[in-house]
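As a plain string of letters, each chain reads:
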Amino acid sequence: MCIFCKIINGEIPSKKIYEDEDIVAILDISQATKGHTLVLPKKHFANILEIEDYEYLKVMDRVKDLASVITKTFNASGVNILNNCGETAGQTVMHFHVHIIPRYENTDVKIEFTSHEYNLDEIQKEILKSLKQN
Ligand code: 5GP
Ligand code: ZN
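So, a few notes on the structure that sits alongside this text. Just so you know, these numbers come straight off a predicted model, no measurement behind them.

### Digging into helix H3 (residues 120-133)
Residues spaced three or four apart along an α-helix face the same direction, because each turn holds 3.6 residues.
Here is step 1: The terminal C-alpha atoms of H3 lie 20 Å apart, and with 14 residues this matches the ideal 20 Å at 1.5 Å per residue to within 8%.
Here is step 2: Where H3 begins, the side chain of Asn-119 points an oxygen toward the backbone nitrogen of Asp-121, at a separation of 2.9 Å.

### Here's the deal with the site of ligand 1
Here is step 1: Neighbouring residues of ligand 1: 16 residues in total, closest Leu-27, Asp-28, Asn-84, Thr-92 and His-99.
Here is step 2: In the environment of ligand 1, an oxygen atom lies 3.0 Å from a nitrogen or oxygen atom belonging to the side chain of His-97.
Here is step 3: Alone, ligand 1 offers 520 Å² of accessible surface; in the complex the protein occludes 84% of this.
Here is step 4: In terms of residues, the shell around ligand 1 owes the most to one element, helix H1 (residues 3-8), which gives three residues.
Here is step 5: Its residues assigned to classes, the shell around ligand 1 comprises eight nonpolar, seven polar and one charged.

### Here we look at helix H2 (residues 53-73)
Here is step 1: Counted at 1.5 Å a residue, the expected span for H2 with its 21 residues is 30 Å, and the 30 Å between its end C-alpha atoms agrees.
Here is step 2: Of the residues making up H2, those classed as buried are Glu-55, Val-59, Val-63, Leu-66, Ala-67, Ile-70 and Thr-71. With its buried residues spanning 120° around the axis, H2 presents them on a single face. Exposed residues pointing more than 90 degrees away from the buried face of H2 are listed as Asp-53, Leu-57, Lys-64 and Lys-72.
Here is step 3: At its buried positions, H2 is contacted by strand S1 (16-19), strand S2 (23-27), strand S3 (37-41), strand S4 (78-82) and strand S5 (98-103).
Here is step 4: Just downstream of H2, Asn-75 is the residue with a positive phi angle, here 50°.

### A short note on the pattern of salt bridges
Here is step 1: Per the counting criterion, the structure on display carries six salt bridges.
Here is step 2: The partner of Lys-16 in a salt bridge is Glu-19, with the nearest N and O atoms 3.7 Å apart.
Here is step 3: You can call Glu-19 partly exposed: its relative accessible area is 44%.
Here is step 4: Here Asp-22 and Lys-58 are joined by a salt bridge, their closest N and O atoms 3.0 Å apart. Of this pair, Asp-22 sits in the loop between S1 and S2 while Lys-58 sits in helix H2, and the two are 36 residues apart along the sequence.
Here is step 5: The network of salt bridges with common partners includes Lys-16, Glu-19 and Lys-42.

### As for the coordination of the zinc ion (ligand 2)
Here is step 1: Protein-derived coordination of the zinc ion (ligand 2) comes from Cys-2 (SG), Cys-5 (SG), His-44 (ND1) and His-95 (ND1), at a distance range of 2.1 to 2.3 Å.
Here is step 2: Note that the zinc ion (ligand 2) binds four donor atoms; their angles at the metal cover 100 to 120°, and the shape is tetrahedral.
Here is step 3: Motif for the zinc ion (ligand 2), donor spacing along one chain: C-x2-C-x38-H-x50-H. Of this pair, Cys-5 sits in helix H1 while His-44 sits in the loop between S3 and H2; the two residues are 39 residues apart in sequence, bridging distant segments of the chain.

### Some thoughts on a nonpolar patch on the surface
Here is step 1: Taken together, the side chains of Tyr-118, Leu-120, Ile-123, Ile-127, Leu-128 and Leu-131 define a hydrophobic patch exposed on the protein surface, amounting to about 650 Å² of accessible area.
Here is step 2: With respect to the element layout, Tyr-118 can be found in the loop between S5 and H3.

Calculation notes
- Residues numbered from 1 in each chain as written.
- Chains lettered and ligands numbered in written order.
- Predicted model: local features only at pLDDT ≥ 70, side-chain atom pairs only at ≥ 80, totals over all residues.
- Heavy atoms only, no water.
- Helix = DSSP H or I, 4+ residues; strand = E, 2+ residues; numbered from the N terminus.
- Expected span 1.5 Å × (residues − 1).
- Polar contact = N/O pair within 3.5 Å; in protein donor to acceptor, adjacent residues only side chain to side chain.
- Near = heavy atom within 4 Å.
- Areas by Shrake-Rupley, 256 points an atom, 1.4 Å probe, with all protein chains shown as cover.
- Nonpolar A, V, L, I, M, F, W, Y, C, P; charged D, E, K, R; others polar.
- Buried < 20%, exposed > 50% of the residue type's maximum accessible area, 1.4 Å probe, protein only.
- Arc of directions from axis to C-beta.
- Contact = heavy atoms within 4.5 Å.
- Salt bridge = Lys/Arg side-chain N within 4 Å of Asp/Glu carboxyl O.
- Donors = N, O, S within 2.8 Å, 3.2 Å for Na, K, Ca; no water.
- Tetrahedral: all angles 85-135°; square planar, octahedral: opposite > 155°, others 65-115°.
- Patch = residues over 30% accessible without salt bridge, like charges linked within 9 Å, V, L, I, M, F, W, Y side chains within 5 Å.

Structure, rendered in structure tokens:
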């Protein structure tokens, strides 16, 4: 059983800030910033590519509300909503979850993108082709 499933069934303690029949929100054990929260479905889905729409929409709906509450509670000046999907993308717990990371002046969180020279026309063409096949 995965670590988040153990948290959900009470085998491992956690600091819950929201719970209903389908989802739960807990404080991340490693606080990237004050108020760093994880929102997850109670049913186990490995990642965003696997999760069913019902649970996904419930999680995201709550993410929006909690992001608002948490930023107001701690007077954050911004917030990052983050999902890592797959090891390559930095996912370490293979149970779908969304991070709410409130942002403050002078906090040392680094979420950076580097720019690469890809041909946008070709990329657009390939994605549009895939979309037509669905
Ligand atoms: P990921 O890297 O998969 O996107 O995020 C996993 C997150 O789960 C990490 O930020 C990590 O700190 C958090 N985490 C790992 N184990 C536990 C735990 O036992 N309890 C809580 N509350 N958070 C955990
Ligand atoms: Zn799980």
